[in-house]
Amino acid sequence: MYRQRGWLIGEGRCGGKAKGLAFALSSLEGSALGEQIRLPDFTYVLTTEVFGDFLVSSGLEDLYDEEDWESVRPRIDGAPLSPALREDLERILEEAGDVPLAIRSSSLLEDSLSLSFAGKYETCFSPNTGSREERLASLERCVKTVWASLFNPSARAYRAKHGREDRKESMAVLVQQVVGRPREGYYYPELAGALFSRVFRRPTPRVRKEDGVMRLCFGLGTRTVDRGNARVFYLTNPALRPEGNRPSQIAESSQVDFDYIDQTYGAFLTGSLSHLFLPFILRNHRNAGAFIEHYGDEALHSTLADPGIPTRPLFTFPGLPQRSRHLFDLSSRLMAHLETTMGTPVDLEFTYETEGEEFHLVQMRPLASFEEMARVRIPDLPEERVLLRGDRMVSNGRMEGLSHLVYVDPEAYVNRWDPVGAAQAVGEFNRRLRDTPYVLVGPGRWGSRNPALGVPVQYAQICHCGCLAELSLPQYGFTPELSYGTHFFLDMDNDGILYLPVFAGQPRNAFRDDWFETTPCETGSHPAVRLYRGTFDIFLDGESETGVVAAR
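Notes on the structure in this doc start here. (Residues numbered from 1 in each chain as written. Predicted model: local features only at pLDDT ≥ 70, side-chain atom pairs only at ≥ 80, totals over all residues. Heavy atoms only, no water.)

## Some details on the overall build of the protein chain
Here is the rule we go by: The way it works is that DSSP assigns letters per residue, a run of H or I at least four long becomes a helix, a run of E at least two long becomes a strand, and they are numbered from the N terminus. Three labels apply to residues, based on accessible area from a 1.4 Å probe with only protein chains included: buried if under 20% of the type maximum, exposed if over 50%, partly exposed otherwise in between. In this description, contact between two residues means that some pair of their heavy atoms is separated by no more than 4.5 Å. Per-residue and other accessible areas were derived by the Shrake-Rupley procedure at a 1.4 Å probe size, with only the shown protein chains allowed to occlude residues. Working convention for charge: Lys and Arg count positive, Asp and Glu count negative, and His plus the chain ends are omitted. Charged groups are reduced to one reference atom each: NZ for lysine, CZ for arginine, CG for aspartic acid, CD for glutamic acid.
Of regular secondary structure, the protein chain possesses 15 helices and 27 strands. Along the longest, intermediate and shortest principal axes, the C-alpha atoms of the protein chain span 70 × 60 × 45 Å. The burial tally for the protein chain puts 59% of its 552 residues in the buried class. In the protein chain, the share of contacts with a sequence separation of at least 24, taken over all contacts with a separation of at least 6, comes to 72%. When the accessible area of the protein chain is evaluated, it comes to approximately 21700 Å², of which 47% is carbon and sulfur surface. One way to put it: in the protein chain the 60 positive side-chain charges average out to a point 3 Å from where the 76 negative ones average out.

Following this line, the structure appears as structure tokens:
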């Protein structure tokens, strides 16, 4: 595919992400779906040979053994690209014109049947604005950013956990157009999302594994894979909301901010519905009424209504399944087709324009499987033994006799505000417990990029835990993010980590904060982070939608 179109740069290998996209193209050619699914107009591949030559010519082969991550990027940035590679990049810019570019990783191990590496390597956006020299410099920086990400701590930890040697990995790079449209100087797709042909972590037994799920956001697709707010649609039951159906629950989990590329200033930026962007969106999106509702006084209101009270706009996508039935029908057919032709469950990323019903497939890979146990019966436990109980997003699982529990105290996390320090303290305990699976408990969303939503840990800081629990504590503004489909959940699937969200104060949920306050523990380098020793059991029953963490 790439060589035939003149998109292959170098004689090496093209990596997992490039192979997935090529498979999708060959699978769709000649099929009934082929005329309805578009791919990016170009996808150039800088093969692993290009990366290897860069390391050798720059004397950077020792980076595979470099443990100081902070020194890696400056060394790569300081090494020049070869004149031949710069000419190739100029050729890419010539074809791209004024379209922004997405520069994506495509490593040898990435997106394989056994390992996804989801979120471990970088994707970088170049606005592709300014002078020729400025555009080339931006593209060079992005390529080097992707190359450098091969050596980041989370990627190293992921390889080590799965028995892969660092030197057996190498990096190819994809350079694609950013699929979208310019709108008054702002460039983005109307909708972007991720699709999964199987639902391995179901919010309820009413959802079957084979039903498929979509995670969707307005604007650039960064928010579909991070632990921010995005809308989840189960393809056979689009009305089902894992977060709950009360207006307050919907408002708490709905997207407010969206990402775009400002072509005037040449920058990747974030806009907010709550500021000046609502009139802009209503002006530029004919179907905005299917995306946006206003929330106020414990109720959701149409964009056409005047509730007569203060409200705030949210991306809740209330009318999308009805207004854009084409998107859901096409998604179901596409996922069934790709799973059949590939012979394994798949996930993909896409963009969609409701005006014109334009569906672009941006990337595709095998879906990492989560081997759920047979039903787990929860034993009768004295109430004083139960530390945590939850009733949502429960998959069957069981672990007994764990000797350690790491806990982040929500009050200390907020009052002694140092999110990076808290994440580092968790990582220190994680390294100490690398040979001992442990229970990890904390407020809100583990791994969120917004520290107000949860502790902003990286994979390398929590990779050895056996069970991860998230606490919903409205008094502090923390709530779990129950959406299957983020890189975070894909990691848990790959690693077989058990997951339990707990909504403190709600029926069928329990959080024994008194136990955490009175039980002796070791305090970490951040005062919010504590290590408890004992004997801990986890029982998750997906049929009754009940999970508990208990102390003996």
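## Side note on the pairing of strand S22 (residues 467–472)
To keep it simple, the criterion reads: Strands are treated as partners if at least two bridges between them are detected by DSSP.
Within S22, 6 of the 6 residues are buried, which leaves the element mostly enclosed by the surrounding structure. Alternating residues of S22 divide into Cys467, Ala469 and Leu471 and Leu468, Glu470 and Ser472, and every residue in both groups is buried. Strand direction decides the pairing type here: strand S21 (residues 439–443) and S22, joined by 5 bridges, are parallel. Looking at the pairing, Pro443 lines up with Leu471 of S22.

## What to know about the packing of helix H3 (residues 69–77) against helix H5 (residues 132–148)
This is how it is decided: Under this scheme, a helix contributes an axis fitted over its contacting stretch, all axes are lines through C-alpha atoms, and angles between N-to-C directions fall in the 0 to 180 degree range. By convention the crossing between two helices is left-handed if the near helix lies anticlockwise of the far one by an angle smaller than a right angle, and right-handed if it lies clockwise. Three classes are used: nonpolar for Ala, Val, Leu, Ile, Met, Phe, Trp, Tyr, Cys and Pro, charged for Asp, Glu, Lys and Arg, and polar for all others, with Gly counted as polar.
At a minimum axis distance of 10 Å, the contact between H3 and H5 shows a crossing angle of 145°. Where H3 crosses over H5, the handedness of that crossing is right-handed. Contact residues: Trp69, Val72, Arg73, Ile76 and Asp77 in H3; Arg141, Lys144, Thr145, Trp147 and Ala148 in H5. A per-class count over the contact of H3 with H5 returns 5 nonpolar, 1 polar and 4 charged.

## Points about the environment of Arg283
Within the element layout of this structure, Arg283 appears in helix H9 (residues 273–284). When the C-alpha positions of Arg283 and Arg183 are compared, they lie 9.9 Å apart, and in sequence the two are 100 residues distant.

## Re the side chain of Arg445
Within the secondary structure, Arg445 is located in the loop between S21 and S22. For Arg445, a relative accessible area of 2% corresponds to the buried category.

## Observations regarding the sheet that holds strand S6 (residues 171–177)
One open sheet holds the 5 strands; their spatial order is S1-S3-S6-S4-S5, and the pairing between them is mixed. Each edge of the sheet is formed by a strand with only one pairing partner; in this case those strands are strand S1 (8–9) and strand S5 (123–126). Packing of helix H2 (residues 48–57) onto the sheet brings it into contact with S1, strand S3 (43–46) and S6, and relative to S6 it is tilted by some 120°. In the packing of H5 onto the sheet, the strands contacted are S3, strand S4 (101–107), S5 and S6, and the crossing angle to S4 comes to about 25°.

## With respect to the sheet that holds strand S7 (residues 181–183)
In spatial order, the strands read S7-S8-S12-S13; together these 4 strands make up an open sheet with antiparallel pairing. Lying at the two open borders of the sheet, with one neighbouring strand each, are S7 and strand S13 (267–272). Each strand axis lies, on average, 45° off the axis of its neighbour in the sheet, ignoring direction. In the sheet, strand S12 (residues 257–262) pairs with S13 via 6 bridges, with the strands oriented antiparallel. Bridging across to S13, Tyr260 finds its partner in Leu269.

## Quick notes on the packing of aromatic side chains
Note the threshold: Stacked, edge-to-face and tilted are the three classes for Phe, Tyr and Trp ring pairs, Trp counted by its six-membered ring, which pair at centre distances within 6.5 Å; planes under 30 degrees apart are stacked, over 60 edge-to-face, the rest tilted. A ring has a charge above it when a Lys NZ or an Arg CZ is no more than 6 Å from the ring centre and no more than 35 degrees off the ring normal.
Under the counting rule described, the total for this entry stands at 38 aromatic pairs. Look at Phe233 and Phe328: their rings are 5.1 Å apart centre to centre, the planes differ by 85°, and that puts the pair in the edge-to-face class. Here Phe233 is found in strand S11 (residues 231–234), whereas its partner Phe328 is found in helix H11 (residues 325–342), with 95 residues between them in sequence. Considered together, Phe233 and Phe328 belong to a single accessibility category, that of buried residues. Ring pairing ties together the aromatic residues Tyr186, Tyr188, Phe218, Phe258, Tyr260, Phe277, Phe280, Phe291, Phe315 and Phe317, which thus form one cluster. Here Lys120 stacks its cationic end above the ring of Tyr459, 4.5 Å away from the centre of that ring. Lying over the aromatic face of Tyr188, Arg183 brings its terminal NZ or CZ to 4.8 Å of the ring centre.

By themselves these figures say nothing about function.
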